[in-house]
Amino acid sequence: MAEIVNKIKQSKLETVDLEKLVGDIHIKPFDMKEMLYEGLILREKQFRELLKEHDWEQYKDHYVAVYCSTDAIIPKWAYMLVVQYAHNIARDVLFGEPDDVFRTVAGKVLDEVDWKVYSDRFVLLKGCSRAEISAALYMHATKKLLPHVRKLMYGEACSNVPVFNQKRSCTSAAS
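It should be emphasised that the depicted structure is a prediction, and the values quoted were computed from it without experimental measurement.

A word on the overall build of the chain
Scanning the chain for helices and strands turns up seven helices and seven strands. Its helices and strands taken in sequence order, the chain reads α-β-α-β-α-β-α-β-α-β-α-β-β-α from the N to the C terminus. Within the span of the chain, comprising 175 residues, buried residues form 33% of the whole. Considering only intrachain contacts with a sequence separation of at least 6, the fraction spanning at least 24 residues in the chain is 78%. Carbon and sulfur atoms form 52% of the exposed surface of the chain, whose accessible area is close to 11,500 Å².

Examining the packing of aromatic side chains
Tallied over the full model, the rule gives eight aromatic pairs. Plain terms: the ring middles of Tyr79 and Phe95 are 5.4 Å apart, the flat faces sit at 85° to each other, and that makes the pair edge-to-face. Highlighted residues: Tyr79 in helix α4 (residues 76–86) and Phe95 in strand β4 (residues 92–95), separated in sequence by 16 residues. Looking at Phe95, the relative accessible area reads 64%, which means it is exposed. Through a chain of ring-to-ring contacts, three or more aromatic side chains come together here, namely Phe30, Trp56, Tyr59 and Tyr85. Seen from the ring of Tyr37, Arg43 lies directly overhead, with NZ or CZ sitting 3.6 Å from the centre.

Thoughts on the sheet that holds strand β5 (residues 122–126)
Taken together, the four strands give an open sheet; going across it, the order is β1-β5-β6-β7, and neighbouring strands pair in mixed fashion. The outermost strands of the open sheet, each flanked by one partner alone, are β1 (13–16) and β7 (159–165). Each adjacent strand pair in this sheet contributes to an overall mean axis angle of 30°, direction not counted. Bridge analysis of strand β6 (residues 151–156) against β7 gives six bridges, and the strand direction is antiparallel.

The rules behind the values
Numbering of residues starts from 1 in each chain and follows the order in which that chain's sequence is written. Whole-chain, interface and lining totals are the exception, using all residues; otherwise, since this is a predicted model, local features are given only for residues with pLDDT of at least 70 and side-chain atom pairs are given and counted only at 80 or more. Side-chain numbers here rest on the full set of heavy atoms in the structure, without hydrogens or water. Helix and strand labels come from DSSP, where a helix needs a run of H or I of at least four residues and a strand needs a run of E of at least two; each type is numbered from the N terminus. For the exposure calls, accessible area comes from a 1.4 Å probe over protein chains only, and a residue counts as buried if that area is under 20% of its type's maximum, exposed if over 50%, partly exposed in between. Throughout, a residue-residue contact means that at least one pair of heavy atoms, one from each residue, lies within 4.5 Å. Using a 1.4 Å probe, the Shrake-Rupley method yields the accessible areas, and only the shown protein chains count as cover for residues. Any Phe, Tyr or Trp ring, taking Trp's six-membered ring, that has another such ring centre within 6.5 Å forms a pair; planes under 30 degrees apart are called stacked, those over 60 apart edge-to-face, and the others tilted. Charge-over-ring contacts are defined here by two conditions on Lys NZ or Arg CZ: a distance within 6 Å of the ring centre and an angle within 35 degrees of the ring normal. By the convention used here, strands pair only if DSSP detects at least 2 bridges between them. Only the stretch in contact is used when fitting a helix axis, every axis being a line fitted to C-alpha atoms; angles between N-to-C directions are given from 0 to 180 degrees.

What is shown is where atoms sit, not what they do.
The structure is reproduced here in structure tokens:
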């Protein structure tokens, strides 16, 4: 009986799992609507009181996504006041809905990766990640990888889609 050989493990293929690279990013929403009179009107005195009474500890070690889910007109200073209360507690306070903030933070994490370790390698960007790993993040990682990799694919090792294949010059093929 012939031994079963795992050809995927023997291949030169290196898998990059964006879900693992990005890690756990905890986002807490802060909807300004909750601080507005009838969800639409910012009354400065009431707004300041609500900010003072708000439980800011719930944002400890989280990224805060500050946005307004209604079409209210919010002065810029109001967002600045939110930052004043949250900045010493939260990991960071960012403008945008939670999905937008996740993409921003994940993009910053990907910017810190040393993509040079994939130089001249066959790289597979792992597919089937959780929903938060958006097309935008795959695009971001692709831009980071293209200058370095010999070949880039998407999907799983047993079933992948070729994305990029660096043409080798005659001189490098001969050596």
